[in-house]
Amino acid sequence: MQDLIFASAARQGTRSAIRAGHTVLSYHELADLVTATATGLLGLGLGARDRVAVYLPKTVETVATFFGTALAGGVFVPVNPVLKAPQVGHILRDSGAHILVTSSGRLTGLQELFDSGARSATESLPDLKYVVLTDSRPANVPNGIRVLTWQELVATARTADDPPMPFHRRIDGDLAAIFYTSGSTGLPKGVMLSHRNIVAGAVSVASYIGNHPEDRILSVLPLSFDAGFSQLTTGFVSGAEVTLLDYLLPKDVIRTVARLGITGITGVPPLWAQLADLDWADNAGGSMRYFATTGGVMPRTVLGRLRQAMPTAAPYLMYGLTEAFRSTYLPPAEVDRRPDSIGKAIPNAEILVLRPDGSVCEADEPGELVHRGALVSLGYWNAPDLTAKRFKPIPGGITQGGQAELAVWSGDTVVRDSDGFLYFRGRRDEMIKTSGYRISPTEVEDLVLASGLVSEVVALGMPDARLGHCIAVLVVSAGTTTDEPTEALLKYCKENMPLYMVPTHIHWRSALPRNPNGKYDRVALRTELESRIVP
C-alpha cells in the first residue's frame, strides 16, 4: 500500500499530496517522511507483523505512521481519537501493539491504563514497549515503557551514518492493518486488512469516481473508519491532494470547501443531513465535482437538498462494510431513476443475494448480501470462531488449489430488482417485526423525513407483547412552527404510511447521539428507550 504514495511521487513529485492546517507536503516530501518514519520504527526494533497503534486526530504524522509502518513491514492499528481510555486499552491489549504513536495530552488521558493500582504498565499492557509523542514529552512517564518524541524518531532515521536497515519484505496477501469496528455490539473487534485489500480498494473506488491529479479531496471521516481511510488511498493512487479536516461544526466543512476549492467529499448520512440544512451561499459548493455517501442509506429529501447546494457535483451512493472495505455504488446517471438503490458491485467484486441455505434469491426476494473478490478481508483478529461465522465459502463456489474461496456474509438484508440493482432493507438484527410484517427501519425513517417536520430521525423496533415489535422514532425538529409537533407528525404518518408502519412512540430530542464513526448510535438510543417503553 505504501507504493500508492511512491508511485505518485515518481510521476508528479512536486505536486501537493496532503494538507493539514498550515502544513502542506508534496508527494516527494510525503514519501521522504514515510521512509524516515519506517526507518525510525525499525530502529525501535519493529519486527515483521508487529503492530503500531495510532491514537491521533487527522495529522500528517498520523498518515506517515500508517504508511511508514506498512513500508517497514509492520501492521498499523488506527484508534479513533474520540475513544476514551477503556476502549483504547482494549484495542491496545487485543491487538498486542508494540508501539503507540499519540500526543502528550492523549497519553495523559490514558494514565489509568498505566497506573492501575499496584500494576505497572508492563502488567496492564504487556506488549507495549514504546510510546512516540508528536509533541512534547510528558512529565509522568509510564513505568516500563520508553517514551520518545516524533522529532527524535524521524531525526535519528534521517541523520544515521550507518547503512539503512532493510525493510521487512512483504507481499500483497500479508496483513497491513487492523481496523476496529465501532463496537456497536460488545467490545470492538479487529478486522484484518491485507495490502491487497487496501490497494484493490483504492484502485476500484478511484476508477469509478474518476479521481485524478486535479482533485482536491476533503477528508472529514475518521481515519480509523475504513471509508475515512479510503480517502487517503483513493487520493494517493490518483495523485490528488487530500486535505485533512477535524471540524468542530458542520459549517466548517462548507467554509473549507469554499476556501480550498474542494472537489470531492465522502460522508455518512447524518453528516450530510446536517450539511443539507446549512446555507451554501455565494456558490460555496461550486467547485465540487462529486459527493459520496456510505455507512447508511441517503434519505431522498437530504439528497435533493444537497444537489441544490452543489449543482455541479455528481452524487455517488455507496454501500460498504469494514470486512470488505467497499461493495457497491450507484452511478450518478441512475440516481434520478433509482434514488433508493445502493447500486451494483464495484469493479473487481461480485455481490450476491443469497438465502440462508446459500441459494441465489430471485428478483425482489430479500436475502443476505454476500461479497466475494479481492476486497474480502482476512477475517477478525484473534477471533477464529467469529471469523468462521462471517467468512464462509459460497455453496458450489470457487475452489483454488483445493481450498474453497471465502466470501464475507454481511448480515445485511437487501433485494435485487430485475435490472440487477440492489436495495438495502436493513441489518438482520435491526429489522422490525410487527403485526406479522417485516419492516425496514430505513423505510420508516425516509417517510418521517419526507414530512418536512424533522431534520433527523432514527427508527427502532421495541419489544411489544401484543405486536411483537412496536415502532419508536427519535427525531430532531426541522424548526417548523407548530403548536402540536407530535400530533402534526402523527397526522402525516397516518396519511402517508400503512397503519402497521405508523410509529407508536415519538420522542423529540435536540440532537441524536453518534458513535465514533459518525453514524447514529442506535445501541445508546435503544438503551434509552428500554427504560421509557414498557413492553
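Located above this text is the structure these notes cover.
Residues numbered from 1 in each chain as written. Predicted model: local features only at pLDDT ≥ 70, side-chain atom pairs only at ≥ 80, totals over all residues. Heavy atoms only, no water.

Engineer: How do you make sense of the overall build of the protein when you look at a structure like this?
Structural biologist: Scanning the protein from terminus to terminus reveals 17 helices and 29 strands. For 535 residues, the compact-globule estimate of 2.2 N^0.38 gives 24 Å, and the C-alpha radius of gyration of the protein, at 24 Å, lies within 12% of that figure. Based on the C-alpha atoms only, the size of the protein along its principal axes is roughly 75 × 55 × 55 Å. Out of the 535 residues in the protein, the part that is buried amounts to 56%. Long-range contacts, defined here as pairs at least 24 residues apart, represent 66% of the contacts in the protein between residues at least 6 apart. About 22100 Å² of surface is accessible on the protein, with carbon and sulfur atoms providing 51% of the total. Measuring between centres, the 50 positive side-chain charges of the protein sit 1 Å from its 54 negative side-chain charges. (Helix = DSSP H or I, 4+ residues; strand = E, 2+ residues; numbered from the N terminus. Rg over C-alpha atoms; globule rule 2.2 N^0.38 Å. Buried < 20%, exposed > 50% of the residue type's maximum accessible area, 1.4 Å probe, protein only. Contact = heavy atoms within 4.5 Å. Areas by Shrake-Rupley, 256 points an atom, 1.4 Å probe, with all protein chains shown as cover. Lys, Arg positive; Asp, Glu negative; His and termini not counted. Charge placed at Lys NZ, Arg CZ, Asp CG, Glu CD.)

Engineer: I keep staring at the sheet that holds strand S12 (residues 264-267) and nothing clicks. Help me out?
Structural biologist: Spatial ordering of the open sheet is given by S2-S1-S11-S10-S12-S13-S14-S15-S16, a layout of nine strands whose pairing is mixed. A single partner strand is all that each edge strand has here, and the edge strands are strand S2 (23-26) and strand S16 (344-345). Two elements, strand S1 (residues 16-20) and strand S11 (residues 241-244), share three bridges in a ladder whose sense is parallel. Following the sheet pairing, Ala-20 is matched in S11 by Leu-244. Along the sheet face, helix H3 (residues 60-72) touches S1, S2 and S11 and points at about 130° away from the line of S1. (Pairing = 2+ DSSP bridges. Axes fitted to C-alpha atoms, helices over the stretch in contact; angles between N-to-C directions.)

Engineer: Looking at this structure, how should I read unusual backbone geometry?
Structural biologist: Its identity is not glycine, yet Asp-282 carries a phi of approximately 55°, on the positive side. Looking at the secondary structure, you find Asp-282 in the loop between helix H12 (269-276) and strand S13 (290-293). Here the phi dihedral of Asn-348 falls at roughly 70°; this positive angle occurs in a residue that is not glycine. Looking at the secondary structure, you find Asn-348 in the loop between S16 and strand S17 (349-354). Exposure remark for Asn-348: the relative accessible area of 53% places this residue in the exposed category.

Engineer: Looking at this structure, I do not really get the sheet that holds strand S29 (residues 505-509). What am I missing?
Structural biologist: Whether parallel or antiparallel, the strands of a sheet pair through hydrogen bonds between backbone atoms. Read across the open sheet, the three strands follow the order S27-S28-S29; overall the sheet is mixed. Bordering the open sheet on either side are strand S27 (454-464) and S29, each of which pairs with just one other strand. Ignoring which end each strand starts from, the neighbouring axes of this sheet average 25° apart. Alignment of S27 against strand S28 (residues 468-477), held across 10 bridges, turns out to be antiparallel.

Engineer: I would appreciate a short explanation of the nonpolar core in the present structure.
Structural biologist: Across soluble globular proteins, nonpolar side chains have a tendency to be buried as a group. Counting 85 residues, the largest nonpolar core has Phe-67, Ile-99, Phe-229, Leu-232 and Phe-236 as the members making the most contacts within it. With nine residues, the single largest contributor to this core is helix H2 (residues 27-43). If sequence neighbours within four positions are ignored, Phe-67 has contacts with Met-1, Gln-2, Ile-5, Val-34, Phe-229, Leu-232, Thr-233 and Phe-236. In this structure, Trp-272, Ala-273, Trp-280 and Met-288 belong to the second largest nonpolar core, which totals 35 residues. (Core = buried A, V, L, I, M, F, W, Y, C linked by side-chain atoms within 4.5 Å.)

Engineer: Honestly, the pattern of salt bridges in this entry has me stumped. Any pointers?
Structural biologist: Opposite charge on two side chains makes pairing possible when the charged atoms of those side chains draw close. If you walk through the whole model with that rule in mind, you get 23 salt bridges. One salt bridge connects Asp-419 with Arg-338, and the closest N-O pair in it is separated by 3.4 Å. Within this pair, whereas Asp-419 is found in the loop between strand S23 (406-416) and strand S24 (422-427), its partner Arg-338 is found in the loop between strand S15 (328-330) and S16, the two being separated by 81 residues in sequence. Judged by its relative accessible area of 44%, Asp-419 is partly exposed. Exposure remark for Arg-338: the relative accessible area of 14% places this residue in the buried category. Between Glu-495 and Lys-491 there is a salt bridge; the shortest N-O distance is 2.7 Å. Taken together, the positions of Glu-495 and Lys-491, both in helix H16 (residues 485-496) and four residues apart, correspond to about one turn of that helix. Here Glu-495 falls in the exposed class, since its relative accessible area comes to 53%. When salt bridges with common partners are traced through the structure, they connect Glu-334, Arg-337, Arg-338, Asp-417 and Asp-419 into a single cluster. (Salt bridge = Lys/Arg side-chain N within 4 Å of Asp/Glu carboxyl O.)

Engineer: It is not clear to me how helix H11 (residues 250-260) should be interpreted in this structure. Could you clarify?
Structural biologist: Residues spaced three or four apart along an α-helix point in a common direction, a consequence of the helix completing one turn every 3.6 residues. For H11, the set of buried residues is Pro-250, Asp-252, Val-253, Ile-254, Thr-256, Val-257 and Leu-260. Contact partners of the buried residues in H11: S1, strand S10 (216-219), S11, S12 and H12. The first or second residue beyond H11 is Gly-261, which carries a positive phi of 65°.

Engineer: How should I be thinking about the packing of aromatic side chains in this particular structure?
Structural biologist: For any two aromatic rings, the description comes down to two numbers: the centre-to-centre distance and the angle of the planes. By the definition in use, this model includes 15 aromatic pairs. Note on Tyr-208 and Tyr-316: the rings are 6.3 Å apart at their centroids and 40° apart in plane angle, and the pair reads as tilted. A residue pair is termed long-range when its members are at least 10 positions apart, and Tyr-208 in helix H9 (residues 195-209) and Tyr-316 in strand S14 (residues 314-319) qualify at 108 residues. Tyr-316 gets classed as buried once you look at its relative accessible area, which sits at 9%. Three or more aromatic residues joined by ring pairs make a cluster, and in this case those are Tyr-27, Phe-66, Phe-67, Phe-76, Phe-179, Phe-229 and Phe-236. Residue placement shows Lys-344 over the ring face of Phe-421; its charged tip is 4.5 Å from the ring centre. (Phe/Tyr/Trp six-rings, centres within 6.5 Å; stacked < 30°, edge-to-face > 60°. Lys NZ or Arg CZ within 6 Å of the ring centre and 35° of its normal.)

Engineer: Please explain the state of the cysteines as it appears in this structure.
Structural biologist: In protein structure, a disulfide is the covalent linkage between the sulfur atoms of two cysteines. For the structure shown, the criterion picks out zero disulfides. Of the cysteine sulfurs around Cys-470, a residue in no disulfide, the closest is that of Cys-493, at 14 Å. In this structure Cys-493 comes out as buried when scored by relative accessible area, which is 0%. (Disulfide = S-S within 2.5 Å.)

Engineer: Just to check I follow, could you spell out the layout of surface pockets for this structure?
Structural biologist: Over the atoms, a rolling probe the size of a water molecule traces out where space has been left empty. The space that makes up the second largest pocket amounts to roughly 580 Å³. Taken together, 32 residues make up the lining of the second largest pocket; nearest its centre are Val-82, Val-220, Pro-222, Tyr-247 and Pro-516. Breaking the lining of the second largest pocket down by element, the ones donating at least two residues are H3 and H12. No other element matches the three residues that H12 contributes to the lining of the second largest pocket. The class makeup of the residues in the lining of the second largest pocket is 21 nonpolar, seven polar and four charged. (1 Å grid on protein atoms, 1.4 Å probe; cavity = no way out; pocket = protein on both sides within 12 Å on 5 of 7 lines; lining within 4 Å. Points joined across faces, edges and corners; volume = space filled by probe spheres on them. Nonpolar A, V, L, I, M, F, W, Y, C, P; charged D, E, K, R; others polar.)

Engineer: Looking at this structure, I do not really get empty space enclosed by the protein. What am I missing?
Structural biologist: Per the counting criterion, the structure on display carries four cavities of 30 Å³ or more. Roughly 60 Å³ of volume is contained in the second largest cavity. Taken together, Thr-293, Gly-296, Val-297, Met-298, Leu-317, Met-318, Pro-339, Asp-340, Ser-341 and Ile-342 make up the full set of residues lining the second largest cavity. The residue inventory of the lining of the second largest cavity, partitioned by class, reads six nonpolar, three polar and one charged.

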